[in-house]
Amino acid sequence: MSENSKAKVKGEKKSFYSSLDFKKRTAVWGVIFLVPWLFGAIFFFLAPLIKTFYYSICNINIVGTGFSFQYVGLENFKYATGVDPDFNKDLIEALTNVVTNVPIQIFVALFIAILLNAKFKGRGFFRVIFFIPLILSTGITEIDLSEVLNTTEETTSIINIAWITELITNSGIPTSILSVITSAISNIFDVITTSGVQILIFLSGLQGISPSLYEVAKIEGCSGFESFCKITFPMISPMILVCVVYSMADLFAAAEISDTIYKVTFTSGKYGLGASMSVIYFMVSIALIGIVSWIISKGVFYYDN
């Protein structure tokens, strides 16, 4: 290359993107991919959320010109938590369902992901099988089997819950733990159906672990359980945090308390009361997810290459 060409190359100014290092480039692309979510959150979530907070402190009536708003302060919140016969019960039921089912869902998803990550023939086929229930549960392909079979008979579980309950009871396990175990067993098919996303997340995390770590552990004489505790579990701890948050949000969204709030708001026409119930449920959900995320984040291990 001639000296003039070299001088020309040296004199050229680099673009803003090319002058950034790898870490800053990654941050730029993170912001780019975050922009669509921010747009949707601001215009399709934040605005309705602010209106819901406003509606919750008002008594709303339908008039000829639209709606009339009368400020009532915290009266709707007091009625929802102190007078309404169903809200507190449904709220406690939703919280109990989340606390008891999320650990089971995470355990099942991680267990299945470890099995599907193993090398065996037909691995891709079995991965598809475990993800199909997630597609079927969207409602697009949902079929009412009672109509197809032209029957009104109730279906029963293929698992003999009574026999398992009797077996566990005779083993001396406390009744409080017994109810959790039997509930988990009876709902195992629902847990597997709603674990498709978590399984994929865990699979991506397991495939990102370097095989050399397991080779070194095997040379050092570590057992399979020790390798899981010292390598697999720490390396996928960020995925565990993601899956816990996702599972909690999914269970909160599917709770029956949403139907209660819908009936109060649109069936009974108590818009202010329904808005206050929505605010309470939203705040409780966010608080619980935040506390659990903060606790789990203390033990999350981030590996830097």
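Refer to the structure printed above.
Quick caveat: nothing in here was measured; it's all calculated off a predicted structure.

J.: Quick question: what am I supposed to make of the packing of aromatic side chains here?
T.: To describe a pair of aromatic rings, you give the distance between the ring centres and the angle between the ring planes. Tallying each qualifying case throughout the model produces 13 aromatic pairs. Plain terms: the ring middles of Trp29 and Phe33 are 6.1 Å apart, the flat faces sit at 35 degrees to each other, and that makes the pair tilted. In this pair, Trp29 and Phe33 are both assigned in helix α2 (residues 22-56), four residues apart and thus about one turn of the helix distant. Measuring from ring centre to ring centre gives 5.9 Å for Phe252 and Tyr281, while their planes differ by 75 degrees; the resulting arrangement is edge-to-face. You can see Phe252 sitting in helix α13 (residues 237-253) and its partner Tyr281 sitting in helix α15 (residues 271-297), a full 29 residues away along the chain. Summarising the burial analysis for this pair, Phe252 and Tyr281 share the class buried. Ring-pair connections join several aromatic residues into one group, and the members of that group are Phe67, Tyr262, Phe266 and Tyr271.

J.: Honestly, the pattern of salt bridges in this entry has me stumped. Any pointers?
T.: Opposite charge on two side chains allows them to pair when their charged atoms are near. Inspection of the entire model under this criterion finds one salt bridge. Two residues, Asp90 and Lys89, come together in a salt bridge whose shortest N-O distance is 3.1 Å. Of the residues examined, Lys89 reaches a relative accessible area of 48% and is grouped as partly exposed.

Calculation notes
- Residues numbered from 1 in each chain as written.
- Predicted model: local features only at pLDDT ≥ 70, side-chain atom pairs only at ≥ 80, totals over all residues.
- Heavy atoms only, no water.
- Phe/Tyr/Trp six-rings, centres within 6.5 Å; stacked < 30°, edge-to-face > 60°.
- Helix = DSSP H or I, 4+ residues; strand = E, 2+ residues; numbered from the N terminus.
- Buried < 20%, exposed > 50% of the residue type's maximum accessible area, 1.4 Å probe, protein only.
- Salt bridge = Lys/Arg side-chain N within 4 Å of Asp/Glu carboxyl O.

It is worth stressing that arrangement in space is one thing and function is another; only the former is reported here.
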